[in-house]
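Inside the fold
One-letter residues, chain by chain:
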Amino acid sequence: MKFYNNILETIGNTPLVKLNKIAEGISATVLAKVETTNPGNSVKDRMAVKMVEDAEKAGILKPGGTIIEGTSGNTGMGLALVAIIRGYKLICVLNDKQSKEKMDILRAVGAEVVVCPTAVEPSDPRSYYQVSRRLAAETPNSWYVNQYDNLSNRLAHYESTGPEIWEQTDGKITHFVVGVGTGGTISGVGKYLKEKNPNIKIWGIDTYGSVFKKYKETGIFDENEIYPYITEGIGEDILPANVDFDLIDLFEKVTDKDAAVYTRKLAREEGIFVGNSAGSAIKGILQLKDQLKPEDVVVVLFHDHGSRYVGKIFNDEWMRERGFLDENIKTAADIVAKHQDAPLISLYSEELVSHAIAKIRKFDISQIPVMKDGKFVGSIDDSKLFQTLMDHPEMKDAPLSSIMNEAYPIVKEATTLEEISKLISKSTPAVLVELANGSHHIVTKYDIISAMV
Ligand SMILES: Cc1ncc(COP(=O)(O)O)c(C=O)c1O
């Protein structure tokens, strides 16, 4: 009989898969280390087991204890599997940027999930770094994993991921490329490979909104580099102890949009259904392709499974809302197609200025056409309302007809984006599109800008 004694024994020995269509523009051979075949569907299973084993050996994790960790989900999943097999409780602290799927999956394997706001400083008591520490201090017989500074994280990759890549490429690997979060993967694999062959280049993929690239290039921890971003799993606003900057030859930043678009391409062009950081990594290699030669062998590591992103990157509506879908928008009809089901919000010229303010607030919009006897007779926008109330506060009880601007121009469905943009100006922030069924939709300056990027 051939079987494993428990699920943890199935971790590792993940496949190396050649990338074909998506890597067409790259002269080198590009091989993907696809980590989704681990039982927790991510590379993080490897370090989760190692961190727990080392904590047990050090006597800081005791039988029946509670494991506490701030995790973007994948480490939590790995820890959940170890906790089940070894009899520990697990509390995972996540930030609210993480996908709902990741949270549901953690709960499915018995973890308690605590969600914290993303948009706060790491030192803020509400941040997931601080909440994890506080819970660890308050919970008896608990152990705070701290994957950022726990060096068993990178050691796991030094002991398993690195040797696998070396053996699978028969020592022919010339470049290792991977997204960097805690730094465990890049530093562990990088150390092993550089010990085998110091000429191997180690490239880290970073994201806009993270400190890594600038820190590597200048030695400056620049707080101006920190701002919220969408990409999950990579980039940081701290310098984790697991990132060994000396081992990393360069960092390349990839935009949120490109990361999302290339994650979808991996699924559709290669049949490799992987997560957000995989899209960043392959796009990063494409950005750096001029540094590669035909004889080079590049290994890129894909951290996790695409199923964790079905409500986000693999959801057209989510992509569209962020302007990530490259839709071929040429005419007024293409723009209104996005909000065809939403009714046109309008006001009557006899309505009071205060009604217009209420409507703008209720629907969170800036421009509204004004009607009389079924016809468009004027328009009102937030800047006009602001100016009126600043100059004459008593006007809030005046009819709109006394302050409204001119009616928005009406265009046909076939009117091109270029023609519409000529009509849009400071005094005309929107146009109305007349549909074939006689109804109207609004196209604003903001819609035009969104369609252009
Ligand atoms: C999806 C994903 N990509 C990339 C990373 C970064 O890996 P590491 O923490 O080993 O640098 C992580 C880890 O948090 C991850 O979950």
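Described in the following lines is the structure provided in the data block. This is a predicted model, so every value here is computed, not measured.

1. Section: the sheet that holds strand E9 (residues 250–254)
Taken in spatial order, the six strands line up as E1-E2-E10-E7-E8-E9 in an open sheet, and their pairing is mixed. Both edges of this open sheet fall to strand E1 (16–18) and E9, since each of them pairs with a single strand only. On average, each strand axis in the sheet is inclined to that of its neighbour by 25°, with strand direction left out of account. As paired strands, strand E7 (residues 175–179) and strand E8 (residues 201–207) are joined by five bridges and run parallel to one another. Paired with glycine 179 across the bridge in E8 is isoleucine 205. Contacts from helix H6 (residues 184–196) reach E7, E8 and strand E10 (297–302), with the element oriented near 170° to E7. Its contacts with the sheet put helix H9 (residues 276–287) on strand E2 (29–34), E7, E8, E9 and E10, and the angle it makes with E9 is roughly 110°.

2. Details of the packing of aromatic side chains
What the rule picks out here adds up to nine aromatic pairs. For the ring pair tryptophan 318 and phenylalanine 324, a centre distance of 6.1 Å and an interplane angle of 75° mean the geometry is edge-to-face. Phenylalanine 324 carries the same exposure label as tryptophan 318, and that label is buried. Taken together, the ring pairs in this structure connect Phe212, Tyr215, Phe245 and Phe251 into an aromatic cluster. Its guanidinium or amino end placed over the ring of tyrosine 262, lysine 265 lies 5.3 Å from that ring's centre, counting from NZ or CZ.

3. Let's talk about the packing of helix H1 (residues 44–58) against helix H5 (residues 152–168)
The geometry of H1 relative to H5 is characterised by a closest axis approach of 8 Å and an angle of 130° between their N-to-C directions. Comparing their axes, H5 and H1 come out oblique. The two elements H1 and H5 cross, and the hand of that crossing is right-handed. Two secondary-structure elements touch here, H1 through Arg46, Met47, Lys50, Met51 and Asp54 and H5 through Ser152, Asn153, Leu155, Ala156, His157, Glu159, Ser160, Thr161 and Glu164. Looking at the contact of H1 with H5 residue by residue, the classes come out as four nonpolar, five polar and five charged.

4. Here's the deal with the environment of glycine 184
Within the secondary structure, glycine 184 sits in helix H6. Taking the relative accessible area as the measure of exposure, glycine 184 reaches 0% and is therefore buried. Once the C-alpha coordinates of glycine 184 and tyrosine 208 are considered, the two residues, 24 residues apart in sequence, prove to be 20 Å apart. Setting aside its immediate chain neighbours within four residues, glycine 184 contacts Asn153, Arg154, His157 and Asn242.

5. Some points on the pattern of salt bridges
All told, the structure shown has 28 salt bridges when counted by the stated rule. A salt bridge links arginine 264 to aspartate 316, with the nearest nitrogen and oxygen atoms 2.7 Å apart. Of this pair, arginine 264 sits in helix H8 (residues 256–270) while aspartate 316 sits in helix H10 (residues 316–321), and the two are 52 residues apart along the sequence. Given the relative accessible area of 37%, aspartate 316 is considered partly exposed. Here lysine 412 ties to glutamate 434 by a salt bridge, and the two come within 3.2 Å at their closest N and O atoms. A residue pair is termed long-range when its members are at least 10 positions apart, and lysine 412 in strand E14 (residues 410–412) and glutamate 434 in strand E15 (residues 430–434) qualify at 22 residues.

6. Examining the site of the ligand
In the region of the ligand, 16 residues are neighbours, and Lys44, Gly181, Thr182, Thr185 and Ser277 sit closest. Contacts to the ligand include asparagine 74, whose side-chain N or O atom sits 2.8 Å from an oxygen atom. Contact distances for the ligand include 2.5 Å between an oxygen atom and a side-chain N or O atom of threonine 185. In isolation the ligand offers 390 Å² of accessible surface; the protein chains occlude 98% of this area. Across the shell around the ligand, the residue classes break down as three nonpolar, eleven polar and two charged.

7. Considering unusual backbone geometry
At asparagine 141, a position not held by glycine, the phi torsion is positive, near 50°. With respect to the helices and strands, asparagine 141 occurs in the loop between helix H4 (128–138) and strand E6 (142–144). Judged by relative accessible area, which is 40%, asparagine 141 ranks as partly exposed. You will see that asparagine 146, though not glycine, has its phi angle at about 50°, which is positive. Mapping asparagine 146 onto the fold places it in the loop between E6 and H5. With a relative accessible area of 12%, asparagine 146 lands in the buried category.

Criteria and cut-off values
- Residues numbered from 1 in each chain as written.
- Predicted model: local features only at pLDDT ≥ 70, side-chain atom pairs only at ≥ 80, totals over all residues.
- Heavy atoms only, no water.
- Pairing = 2+ DSSP bridges.
- Helix = DSSP H or I, 4+ residues; strand = E, 2+ residues; numbered from the N terminus.
- Axes fitted to C-alpha atoms, helices over the stretch in contact; angles between N-to-C directions.
- Contact = heavy atoms within 4.5 Å.
- Phe/Tyr/Trp six-rings, centres within 6.5 Å; stacked < 30°, edge-to-face > 60°.
- Buried < 20%, exposed > 50% of the residue type's maximum accessible area, 1.4 Å probe, protein only.
- Lys NZ or Arg CZ within 6 Å of the ring centre and 35° of its normal.
- Parallel < 35°, antiparallel > 145°, perpendicular 65-115°, else oblique.
- Left-handed = near helix turned anticlockwise from the far one by under 90°.
- Nonpolar A, V, L, I, M, F, W, Y, C, P; charged D, E, K, R; others polar.
- Salt bridge = Lys/Arg side-chain N within 4 Å of Asp/Glu carboxyl O.
- Near = heavy atom within 4 Å.
- Polar contact = N/O pair within 3.5 Å; in protein donor to acceptor, adjacent residues only side chain to side chain.
- Areas by Shrake-Rupley, 256 points an atom, 1.4 Å probe, with all protein chains shown as cover.

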